[in-house]
Amino acid sequence: MKPSNEEPYGYYPGCSLEKNALAYNESTSAVANVLGLKFEEVADWNCCGASEYLALDILPAYALISRNLALAASSSGSHSLVAPCSACFLNLSKVDHQMAEVPALASQVNEALAAGGLSYQPGSITIRHLLDVFVNDVGFDRISSLVTHPLYELRVAPYYGCLISRPDYEGVYDSPEYPTGLDHLMTALGAEVVDFPLKTHCCGGHMTQISEPVALELIRRLLQNAHEYDADVIATLCPMCQLNLDVYQEHVNHAFGTNYHIPILYFTQLIGLALGIRAKELGFGREFVSAKRALAKIGKARPAPKKKRKPSKEALPMPQATEVEYR
Amino acid sequence: MPSTNVTTIPTDQPDPFVTRSFLEEVVDAVPGDPRLTACLQCGTCGGSCPSGPDMEHTPRQLFAMINAGMRAEVLRSNTPWYCVSCYFCMARCPQKVQITDIMYALKRKAIEDGESRSSSAADAPKFSEAFVNFVENYGRSFELGVAARFHFVQHPGEALKMATSIGIGMMRKGRMDLTPTRIKGVKQLQTILDRARELGGTA
């Protein structure tokens, strides 16, 4: 649901965006300024518990998450809550969804909240991921009309990770395994979008802490796949994915004798560049794998359209893929 | 018919001969209906699982074991701890079994029963505990604190070396705090969490 012009989006940055994913927060707010998007941060929000609290204690885990929902629902006139972090997005929507499905759970959660003078009516706010706002509210046309520095020739592998399109409680995404919103968004920026086969495969989440060999193998697969497709950068929308692929890239190279050098950037950083915002305001330089070499490709002229091979007259008709058009 | 003295079991009390099965226990530990009893044993879950090859049992096997009442074996398996919560299995399950939520329930049960200590992934709960401890005390997560508590205590050696090199890099890039952030309403949060703990259980 798109809020009216005056209504700001409720904003839940989550712990990662405060520090390790600072670049995501910086680029989001820089881009929001240009697009005129208003994000109102939920006052005094708390951690969503990531994937840890649910492993220990269920009702406190749900109560922890629902405190944020209660604060968001009671503050200002906003009816939506936007989370840029996929894990936060999942937790918030999971609790909202399950409270609506299981009334007995909702009453237990509310009993806990009541001890802190709060309450939450499931379904009273719409939980959204930041990507959803760009894809469905701002729209590809509006974004491409504002592009001043098209990303021609930059090969971008759009990486969704898991939690945005699965389990998709809100039913927003076109496919749990093969969503396309980020692909189209990157195309709207002029980028050459890689049809990335592992786009919704897992980065391993917290697995680096549980079993390093298992985690590094999951990260290696993604880097190898992006490398095979000759991607200049991987565009992410989740702090955990960014951290694993970026910070552990050197460790993957060390463990497997590979030599990957693929910068892992937030999709908002790429939007910002295309809108002509200076790299410094978009949090560039915080990535472990430097994006400098890839960024040098930006600002080139529009490439000549690729020549199509004419099919032979005897050939059987082939199914036609939808044309990807540079704007 | 010979007359015998038949004692009837009073119906207002639980039947002493019927105990709740492990399957029912697991089902009850998940909010709503996890549809575990609908499992067809097709194996789509294991085939879709990114960490499946490193699991001691695939989710399919684990569900068959739950059905067979193999309580200790299930709760000692590394499978729930190696679940990366990617929801691939859930998206593909033809029976809509809430697999990821069941894995979380098994983690909780394994800790509760003390069986997680006998698992090959015995350290995994300690990571969750270190993480949650900061959240309960500050209202926010604190990476440096978790890394310090978890790695320095649990993993002297290689893992510690890696954590240290990453930590230093993170600080240099301005991506890691040296001190935790405390929310204003931390008392309110703790009151809510205490009450939730008292209420226990799931619906």
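Residues numbered from 1 in each chain as written. Chains lettered and ligands numbered in written order. Predicted model: local features only at pLDDT ≥ 70, side-chain atom pairs only at ≥ 80, totals over all residues. Heavy atoms only, no water.

## Topic: the state of the cysteines
All names here are of chain A.
Turning to step 1, where the next piece is worked out: Summed over all chains, the structure comprises zero disulfides over all chains.
Turning to step 2, where the next piece is worked out: No disulfide involves Cys203; its sulfur sits 4.1 Å from the nearest other cysteine sulfur, which is in Cys241.
Turning to step 3, where the next piece is worked out: Unpaired in terms of disulfides, Cys238 finds its nearest cysteine sulfur in Cys241, a separation of 3.9 Å.
Turning to step 4, where the next piece is worked out: With relative accessibility at 5%, the residue Cys238 sits in the buried group. (Disulfide = S-S within 2.5 Å. Buried < 20%, exposed > 50% of the residue type's maximum accessible area, 1.4 Å probe, protein only.)

## Focus on the sheet that holds strand S4 (residues 126-129) of chain A
Residues and elements named next belong to chain A.
Turning to step 1, where the next piece is worked out: Overall, parallel pairing links the four strands, which are arranged S2-S1-S3-S4 in an open sheet. Of all the strands in the sheet, the pair left with one neighbour each is strand S2 (39-41) and S4. On average, adjacent strands in this sheet sit at an angle of 35 degrees to one another, irrespective of strand direction.
Turning to step 2, where the next piece is worked out: Sheet topology note: the strand S3 (residues 80-83)/S4 ladder contains four bridges and is parallel. Residue pairing across strands places Ala83 opposite His129, the latter belonging to S4. (Pairing = 2+ DSSP bridges. Helix = DSSP H or I, 4+ residues; strand = E, 2+ residues; numbered from the N terminus. Axes fitted to C-alpha atoms, helices over the stretch in contact; angles between N-to-C directions.)

## A few points about the side chain of Asn253(A)
Residue and element names in this part refer to chain A.
Turning to step 1, where the next piece is worked out: Within the secondary structure layout, Asn253 lies in helix H12 (residues 249-256).
Turning to step 2, where the next piece is worked out: Of the polar contacts made by the side chain of Asn253, one reaches the side chain of Thr258; its length is 2.8 Å.
Turning to step 3, where the next piece is worked out: Those residues within four positions of Asn253 in sequence are excluded, and the remaining contacts are Thr258, Asn259 and Tyr260. (Polar contact = N/O pair within 3.5 Å; in protein donor to acceptor, adjacent residues only side chain to side chain. Contact = heavy atoms within 4.5 Å.)

## Here we look at the packing of aromatic side chains
Turning to step 1, where the next piece is worked out: As enumerated under the stated definition, the model contains 10 aromatic pairs over all chains in all.
Turning to step 2, where the next piece is worked out: On the basis of an interplanar angle of 75 degrees and a centroid distance of 6.3 Å, the ring pair of Tyr159(A) and Phe196(A) is categorised as edge-to-face. A residue pair is termed long-range when its members are at least 10 positions apart, and Tyr159(A) in the loop between strand S5 (155-158) and helix H8 (181-188) and Phe196(A) in the loop between strand S6 (192-193) and helix H9 (207-210) qualify at 37 residues.
Turning to step 3, where the next piece is worked out: Classification of Tyr159(A) as buried rests on a relative accessible area of 1%.
Turning to step 4, where the next piece is worked out: Relative accessible area serves as the criterion here: at 0%, Phe196(A) is assigned to the buried category.
Turning to step 5, where the next piece is worked out: Grouped by ring-pair contacts, the aromatic residues Tyr24(A), Phe134(A), Tyr266(A) and Phe267(A) constitute a single cluster.
Turning to step 6, where the next piece is worked out: Positioned above the aromatic ring of Phe88(B), the side-chain terminus of Arg166(A) is 3.8 Å from the ring centre. (Phe/Tyr/Trp six-rings, centres within 6.5 Å; stacked < 30°, edge-to-face > 60°. Lys NZ or Arg CZ within 6 Å of the ring centre and 35° of its normal.)

## Quick notes on helix H3 (residues 58-74) of chain A
Turning to step 1, where the next piece is worked out: When the terminal C-alpha atoms of H3(A) are compared, their 24 Å separation across 17 residues agrees well with the 24 Å that a helix rising 1.5 Å per residue should span.
Turning to step 2, where the next piece is worked out: Taking burial as the measure, the 17 residues of H3(A) include 15 buried ones, the bulk of the element. (Expected span 1.5 Å × (residues − 1).)

## Points about the interface of chain B and chain A
Turning to step 1, where the next piece is worked out: Taken together, the contacts link 63 residues of chain B with 68 residues of chain A.
Turning to step 2, where the next piece is worked out: When the two sides are added together, the surface that chain B and chain A hide from each other amounts to roughly 5800 Å², 65% of it contributed by carbon and sulfur.
Turning to step 3, where the next piece is worked out: Note that Glu177(A) and Arg92(B) form a salt bridge whose closest N and O atoms lie 2.6 Å from each other.
Turning to step 4, where the next piece is worked out: When contributions to the side of chain B that touches chain A are tallied by element, the ones reaching two or more residues are helix H5 (79-82), helix H6 (88-92), helix H7 (99-112), helix H8 (124-138), helix H9 (143-154), helix H10 (158-172) and helix H11 (186-199) of chain B.
Turning to step 5, where the next piece is worked out: Of the residues in the side of chain B that touches chain A, the class split is 32 nonpolar, 16 polar and 15 charged. (Buried area = accessible area lost by both parts, 1.4 Å probe. Salt bridge = Lys/Arg side-chain N within 4 Å of Asp/Glu carboxyl O. Nonpolar A, V, L, I, M, F, W, Y, C, P; charged D, E, K, R; others polar.)

## Considerations on the sheet that holds S5(A)
Residue and element names in this part refer to chain A.
Turning to step 1, where the next piece is worked out: Ordered in space as S6-S5-S7-S8, the four strands form an open sheet in which the pairing is parallel. In this open sheet, the two strands that pair with only one neighbour each are S6 and strand S8 (264-266).
Turning to step 2, where the next piece is worked out: By the bridge criterion, two bridges tie S5 to S6 in an arrangement that is parallel. Across the sheet, residue Val156 finds its bridge partner in S6, namely Val193.

## Examining the domain arrangement of chain A
Residue and element names in this part refer to chain A.
Turning to step 1, where the next piece is worked out: Taken domain by domain, chain A comprises domain 1 (9-130) and domain 2 (140-295).
Turning to step 2, where the next piece is worked out: For domain 1 versus domain 2, the distance between C-alpha centres works out to 24 Å.
Turning to step 3, where the next piece is worked out: On the side of domain 2, 26 residues touch domain 1, which itself brings 31 residues to the contact.
Turning to step 4, where the next piece is worked out: Summed over both partners, the interface of domain 1 with domain 2 buries about 2400 Å², with 68% contributed by carbon and sulfur atoms.
Turning to step 5, where the next piece is worked out: Across the pair Arg286 and Glu26 runs a salt bridge, and its minimum N-O distance is 2.9 Å. (Domains from an automatic or database assignment.)

## Overview of the nonpolar core
Turning to step 1, where the next piece is worked out: Formed by 176 residues in total, the largest nonpolar core has its most connected members in Leu131(A), Phe134(A), Met186(A), Phe267(A) and Leu270(A).
Turning to step 2, where the next piece is worked out: Not counting residues within four places of it along the chain, the set of residues in contact with Leu131(A) comprises Tyr160(A), Ile164(A), Tyr173(A), Leu182(A), Leu185(A), Leu237(A) and Phe267(A). (Core = buried A, V, L, I, M, F, W, Y, C linked by side-chain atoms within 4.5 Å.)

## A look at the pattern of salt bridges
Turning to step 1, where the next piece is worked out: Taken as a whole and assessed by the stated rule, the structure comprises 25 salt bridges over all chains.
Turning to step 2, where the next piece is worked out: For Arg128(A), the salt bridge identified is with Asp137(A), shortest N-O distance 2.8 Å.
Turning to step 3, where the next piece is worked out: The exposure class assigned to Asp137(A) is buried, which follows from its relative accessible area of 10%.
Turning to step 4, where the next piece is worked out: A salt bridge links Asp28(B) to Arg20(B), with the shortest nitrogen-to-oxygen separation between them at 2.6 Å.
Turning to step 5, where the next piece is worked out: Among the residues examined, Arg20(B) registers a relative accessible area of 48% and is labelled partly exposed.

## Looking at helix H13 (residues 267-274) of chain A
Every α-helical turn comprises 3.6 residues, leaving residues that sit three or four positions apart pointing alike.
Residue and element names in this part refer to chain A.
Turning to step 1, where the next piece is worked out: Across the eight residues that make up H13, a large majority, eight, are buried.
Turning to step 2, where the next piece is worked out: Taken residue by residue, H13 has Phe267, Thr268, Gln269, Leu270, Ile271, Gly272, Leu273 and Ala274 as its buried positions.
Turning to step 3, where the next piece is worked out: Downstream of H13 by one or two residues, Gly276 has phi in the positive range, about 85 degrees.

## Observations concerning the environment of Ala235(A)
Residue and element names in this part refer to chain A.
Turning to step 1, where the next piece is worked out: Residue placement: Ala235 occurs in strand S7 (residues 233-236).
Turning to step 2, where the next piece is worked out: According to the relative accessible area criterion, Ala235 is buried, its value standing at 0%.
Turning to step 3, where the next piece is worked out: Distance from Ala235 to Lys199, taken between C-alpha atoms, is 10.0 Å for residues 36 residues apart in sequence.
Turning to step 4, where the next piece is worked out: Setting aside residues no more than four positions away along its own chain, Ala235 makes contact with Val156, Ala157, Pro158, Tyr159, Leu182, Met186, Leu265 and Leu270.

## As for unusual backbone geometry
Residues and elements named next belong to chain A.
Turning to step 1, where the next piece is worked out: The omega torsion of the bond from Arg166 to Pro167 falls at -5 degrees, within 30 degrees of zero and hence cis.
Turning to step 2, where the next piece is worked out: Summarising the element assignment, Pro167 is placed in the loop between S5 and H8.
Turning to step 3, where the next piece is worked out: Non-glycine residue Asp168 carries a positive phi angle of around 55 degrees.
Turning to step 4, where the next piece is worked out: Position of Asp168 among the secondary structure elements: in the loop between S5 and H8.
Turning to step 5, where the next piece is worked out: A residue is classified by how much of its surface remains accessible, and Asp168, at 15% relative accessible area, is buried.

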